[in-house]
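Per-entry structural report
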Amino acid sequence: MPISIQKISPAIGAVVEGVDLSDPVPSKVFEALQLAVGEHGVLAFRDQHLTPAQHVAFSRQFGSLETHVISEALLDGYPEIYVISNVVEDGKPKGRPYAGTYWHSDLSYMPVPAMGSMMYALRIPEIGGDTMFANMYLAYETLSSGLQRMLEQLRAVHDFGHADKRFFSQRGAKARLDDTAKKKTPPVEHPVVRIHPTTGRKALFINPGFTSRFVDMTEEESEPLLQYLFQHITQPAFIYRHRWQVNDLVFWDNRCTLHHAIRDYGEDSPRHMHRTTISGDKPIPV
Ligand code: SIN
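Rules and cut-offs
Residues numbered from 1 in each chain as written. Predicted model: local features only at pLDDT ≥ 70, side-chain atom pairs only at ≥ 80, totals over all residues. Heavy atoms only, no water. Helix = DSSP H or I, 4+ residues; strand = E, 2+ residues; numbered from the N terminus. Contact = heavy atoms within 4.5 Å. Salt bridge = Lys/Arg side-chain N within 4 Å of Asp/Glu carboxyl O. Buried < 20%, exposed > 50% of the residue type's maximum accessible area, 1.4 Å probe, protein only. Phe/Tyr/Trp six-rings, centres within 6.5 Å; stacked < 30°, edge-to-face > 60°. Lys NZ or Arg CZ within 6 Å of the ring centre and 35° of its normal. Expected span 1.5 Å × (residues − 1). Core = buried A, V, L, I, M, F, W, Y, C linked by side-chain atoms within 4.5 Å. Near = heavy atom within 4 Å. Polar contact = N/O pair within 3.5 Å; in protein donor to acceptor, adjacent residues only side chain to side chain. Areas by Shrake-Rupley, 256 points an atom, 1.4 Å probe, with all protein chains shown as cover. Pairing = 2+ DSSP bridges.

Another aspect to go through is the environment of Val56. Tracing the chain through its elements places Val56 in helix H2 (residues 52-60). With 21 residues separating them in the primary sequence, Val56 and Gly77 have C-alpha atoms 12 Å apart. The residues touching Val56, leaving out its near neighbours within four places in the chain, are Leu65, Tyr78, Glu80, Ile81 and Thr276.

Let us look at the pattern of salt bridges. Once the charged atoms of two side chains with opposite charge are near each other, the side chains can pair. Summed over all chains, the structure comprises 10 salt bridges. The residue Asp130 makes a salt bridge to Arg241 at a minimum N-O spacing of 2.8 Å. One end of the pair, Asp130, is in the loop between strand E8 (114-123) and strand E9 (131-135); the other, Arg241, is in strand E15 (residues 239-242), and 111 residues separate them in sequence. With relative accessibility at 44%, the residue Arg241 sits in the partly exposed group.

Here we take up the packing of aromatic side chains. Applying the stated rule across the entire model yields 10 aromatic pairs. Ring geometry for Phe30 versus Phe62: centroids 4.8 Å apart, planes at 50 degrees, classification tilted. With Phe30 in helix H1 (residues 27-40) and Phe62 in the loop between H2 and strand E4 (74-75), this residue pair connects regions lying 32 residues apart in the sequence. For Phe62, a relative accessible area of 8% corresponds to the buried category. Taken together, a centroid distance of 6.1 Å and an interplanar angle of 80 degrees make the contact between Phe45 and Phe58 edge-to-face. Remark: Phe58 occurs in helix H2 and Phe45 occurs in strand E3 (residues 42-45); sequence separation between them is 13 residues. Exposure class is identical for Phe45 and Phe58. Each is buried. Following the ring pairs from residue to residue traces out a cluster consisting of Phe30, Phe45, Phe58, Phe62 and Phe251. Lying over the aromatic face of Phe205, Arg194 brings its terminal NZ or CZ to 4.5 Å of the ring centre.

Further remarks concern H1. The end-to-end C-alpha distance of H1, which contains 14 residues, comes to 20 Å, matching closely the 20 Å that a straight helix rising 1.5 Å per residue would cover. Two residues or fewer after H1 comes Gly41, characterised by a positive phi angle close to 85 degrees.

Here we take up the nonpolar core. Counting residues in each nonpolar core, the largest one holds 31 residues, and the members touching the most others are Ile70, Phe133, Phe160, Trp244, Val250 and Met273. Elements that contribute at least two residues to this core include exactly E3, strand E5 (78-85), E8, helix H5 (161-168) and strand E16 (249-253). It is E8 that provides the largest number of residues to this core, a total of 3 residues. The residues touching Phe160, leaving out its near neighbours within four places in the chain, are His68, Val69, Ile70, Tyr102, Tyr109, Leu177, Thr185 and Phe210. Counting residues in hydrophobic clusters, the runner-up holds 27 residues, among them Tyr140, Ile206, Leu226 and Leu258.

Near the ligand you find Ile84, Ala99, Gly100, His104, Asp106, Met119, Thr131, Trp252, His259, Ala261, Arg271 and Arg275, and these make up its full shell. In the environment of the ligand, an oxygen atom lies 2.8 Å from a nitrogen or oxygen atom belonging to the side chain of His104. Arg271 places a side-chain nitrogen or oxygen 2.8 Å from an oxygen atom of the ligand. Within the complex, 99% of the 260 Å² of free accessible area of the ligand lies under protein.

In this section: the pairing of strand E10 (residues 155-158). Where E10 and strand E11 (residues 188-191) come together, 4 bridges link them in antiparallel fashion. Across the sheet, residue Arg155 finds its bridge partner in E11, namely Pro191. Where E10 meets strand E14 (residues 211-214), 3 bridges bridge the pair, whose relative direction is antiparallel. Looking at the pairing, His158 lines up with Thr211 of E14.

Right, here's the structure in full:
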């Protein structure tokens, strides 16, 4: 069956059919997928039957793999797999529960952020637990030319600990990032607009989870413009909401998208996912 890549929403995402990811994909298919992920931002593959080794092997075709700083959530024997899970067995959590329940781009808090991520669904709540994706090309392209020019001159600070401050501590929850993970992730700076290396398109590269301020400005000074941009970035017309099925593998491009896991299911609804994270390169400024 020839490979088919069909758009899944007007703004972002495509469904790929005709590929079995359990075997190495031929070079022509690999090239098509590499172009398609940059173009569509998100690729969904349904009904894939993958062992952890096959998941890792498919991911490695696109680059070297990251080992997540939250070491207690790595899969035994497969440190390339970050387990996102609310399942607890014999009193022991099987992975990181409710990770990424805010808009973000994976590893934007690292000096070299991730190119892409591949998440494989093993257990899904009967209802809920979707993931939303937003198109950062559209977010940039729909701003006025004056604001585009201004943002192209700016850099922003990204900080893993910022999500704790913004999304958890304020709600009275305990910080989710321990000191070891914090030490491994000091704040970094990136351009606010980056050029995607395969499409050549400009994309906004800030996110509510990890972007704390603009470089050379205080948080207080940065906040009004950041808040305006965050609301602009995440408007409904820029979003695709993926309703997971068991055995879905979703591949997203962190250079031109944001994503947000939705925490609308309870602890009695198991959700268990394996994610690999593909290394990227330093964001190209305009
Ligand atoms: C993440 O990679 O941020 C988690 C996404 C999800 O669990 O849906």
